[in-house]
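Each chain, letter by letter, is given below.
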Amino acid sequence: MAQAKRIGWIDLIRALGACAIVLLHVTVSTFQVVDIDPVRKNTYILGGIVLCRWAVPAFFMVSGYLLLDPTRPFGWKRAWTHARRMLLVLATFGLAFSCLEEAAYYLSEGMRITGQLLIDAAVDVLTGHTWDHLWYVYALMFVYLLMPLLEHLRSRFGERGLTVLMWVLFSGVLVVPTMLDTGAMAQVLSWPGQLGGWRNEIWWSTLIGLVNVLVGNYLRTASRTRLIAALGVGALAAMLALSSWSLASGWGSMNFVYMHESFLPTLYAAGLIVVVRHLRGDETLPERSLAQVLAQDSFGIYVLHPLFVHVVLMAIDPLAWPPVVYECAFFVVVTAVSVVATRVLRHVPFVGRLL
């Protein structure tokens, strides 16, 4: 990773965000593979809203804050350099993960593993059907390619042009779909089953990333930080209230209000960012501190950690461990191994520079 002057609050967001993503997948993967009691599952869901659901929007916002810095023009050359890195991550780690998934499928169906497996895995990557968490990498790749267009928009219409675009996309990509999900229109239009399918496509994920990138750019000069922080608190309260009510009513968790497709996690992330920026400031994190290590390795942690989550769940029985002890131990092990793996892979030719 380039050793340019690092910004303390951004590194802290990256470190906390990496931990949040690992914790989220530790809990979600657990209740997907074992039948845990409802109270524990609901605790995972509500705790995840508070501790985890802000992370991916915040990652995009940090990118927008840095890449749309008017003092450092991005340009097509930088855009392609950044996008190519994401493309190569998909062609290496994405392909490897798809090979593992296809191999598991072949074996479960009693099929012989042949060269067709590699072809199937390549098709998975090309069509965006590799491991779910890599949607972020696909979206980031296309967002990078859109940065020069955003700079052109700013050069023509000023910062206000980007702000107007942000609000338009925020409303159309995040607010309207979430409100359709929560209202009677969901039944009238069969939104989750038909139009809602749009939100499973790479191009829609790119729009979600673009919205959050524009929010990150907006936060650079936003003056009403107390209002933004208050909106963040309100968004968190709304997610918790709606999900708690829905769980208590037996209707499920209303996951569409706290997933990254919703406007509420974006507001929560923006509020959290302005608070962390205010409390931490720009001062660089202490050298070799845990937070700095996690920040430097945050992308590698994001890419690699699901592999270790799967390995741990194959090796242990979650129900054999006491609650809380299990989650903490699982989280620490996966985070630590992901950091070690990231640092080891950095010494591997070609692959190392991707992480």
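The shown structure was predicted, so the numbers you read here are calculated from the model rather than taken from an experiment.

Chemist: Explain the overall build of the protein chain here, please?
Modeler: A tally of helices and strands in the protein chain yields 13 helices and zero strands. Reading the protein chain from its N terminus to its C terminus gives the helix and strand order α-α-α-α-α-α-α-α-α-α-α-α-α. Scaling as 2.2 N^0.38, a compact globule of 355 residues should have a C-alpha radius of gyration of about 20 Å, and the protein chain matches this with 20 Å. Taken over the C-alpha atoms alone, the protein chain extends approximately 60 × 55 × 40 Å along its principal axes. Looking at the protein chain residue by residue over its 355 residues, the buried ones come to 48%. Counted over contacts in the protein chain with a minimum sequence separation of 6, partners at least 24 positions apart contribute 79%. For the protein chain, the accessible area works out to roughly 17600 Å², and carbon and sulfur atoms hold 67% of it. Counting 25 positive and 21 negative side-chain charges, the protein chain places the centres of these two groups 13 Å from one another.

Chemist: Just checking my understanding: could you explain helix α12 (residues 298–315) for this structure?
Modeler: Since the α-helix turns once every 3.6 residues, residues separated by three or four places project in the same direction. Between its terminal C-alpha atoms α12 stretches 25 Å, which fits the 26 Å expected from 18 residues at 1.5 Å a residue. Along α12, the sharpest kink reaches roughly 45°, centred on L304 and followed within four residues by the proline P306. Of all 18 residues that make up α12, 13 are buried, and the element is covered over most of its length.

Chemist: Would you mind going over the packing of helix α1 (residues 8–33) against α12 with me for this structure?
Modeler: Packed helix pairs are characterised by how far apart their axes lie and by the angle those axes make with each other. It is at 10 Å that the axes of α1 and α12 come closest, and there the two elements cross at 25°. It follows from the interaxial angle that α1 and α12 lie roughly parallel. As for how α1 packs across α12, the hand of that crossing is right-handed. Facing α1, whose interface residues are R14, A18, I21, V22, H25, V26, S29, T30 and V33, α12 presents S298, I301, Y302, H305, V309 and L313. Residues belonging to the contact of α1 with α12 are distributed by class as follows: nine nonpolar, five polar and one charged.

Chemist: Hey, could you run me through the confidence of the model for the protein chain in this one?
Modeler: Do not read the predicted coordinates in detail wherever pLDDT is low. Scored by pLDDT, the protein chain has a mean of 92; 94% of the residues are at 70 or more. Per-residue pLDDT stays below 50 along residues 184–194; that stretch engages in 15 contacts with residues further than four places along the chain or on separate chains.

Chemist: Help me out: how do you make sense of unusual backbone geometry in this one?
Modeler: Glycine aside, negative phi is the norm for most residues, and most peptide bonds take the trans geometry. Backbone geometry at V324 places phi at a positive 75°, although glycine is not the residue there. Despite not being glycine, F350 has its phi angle at roughly 70°, a positive value. Tracing the backbone shows F350 in the segment after α13 (325–345). Judged by its relative accessible area of 40%, F350 falls in the partly exposed class.

Chemist: I tried to follow the nonpolar core on my own but got confused; where do I start?
Modeler: Soluble globular proteins: nonpolar side chains tend toward being buried together. Membership of the largest hydrophobic core comes to 102 residues, with the highest contact counts inside it found for Y136 and M147. The element that contributes the greatest number of residues to this core is helix α6 (residues 135–182), accounting for 17 residues. By size, the runner-up hydrophobic cluster in this structure holds five residues, among which are C99, A103, Y106 and L117.

Scoring rules and cut-offs
Residues numbered from 1 in each chain as written. Predicted model: local features only at pLDDT ≥ 70, side-chain atom pairs only at ≥ 80, totals over all residues. Heavy atoms only, no water. Helix = DSSP H or I, 4+ residues; strand = E, 2+ residues; numbered from the N terminus. Rg over C-alpha atoms; globule rule 2.2 N^0.38 Å. Buried < 20%, exposed > 50% of the residue type's maximum accessible area, 1.4 Å probe, protein only. Contact = heavy atoms within 4.5 Å. Areas by Shrake-Rupley, 256 points an atom, 1.4 Å probe, with all protein chains shown as cover. Lys, Arg positive; Asp, Glu negative; His and termini not counted. Charge placed at Lys NZ, Arg CZ, Asp CG, Glu CD. Expected span 1.5 Å × (residues − 1). Bend = angle between axes of the 7 residues up to and from the residue. Axes fitted to C-alpha atoms, helices over the stretch in contact; angles between N-to-C directions. Parallel < 35°, antiparallel > 145°, perpendicular 65-115°, else oblique. Left-handed = near helix turned anticlockwise from the far one by under 90°. Nonpolar A, V, L, I, M, F, W, Y, C, P; charged D, E, K, R; others polar. pLDDT = per-residue confidence, 0-100. Core = buried A, V, L, I, M, F, W, Y, C linked by side-chain atoms within 4.5 Å.

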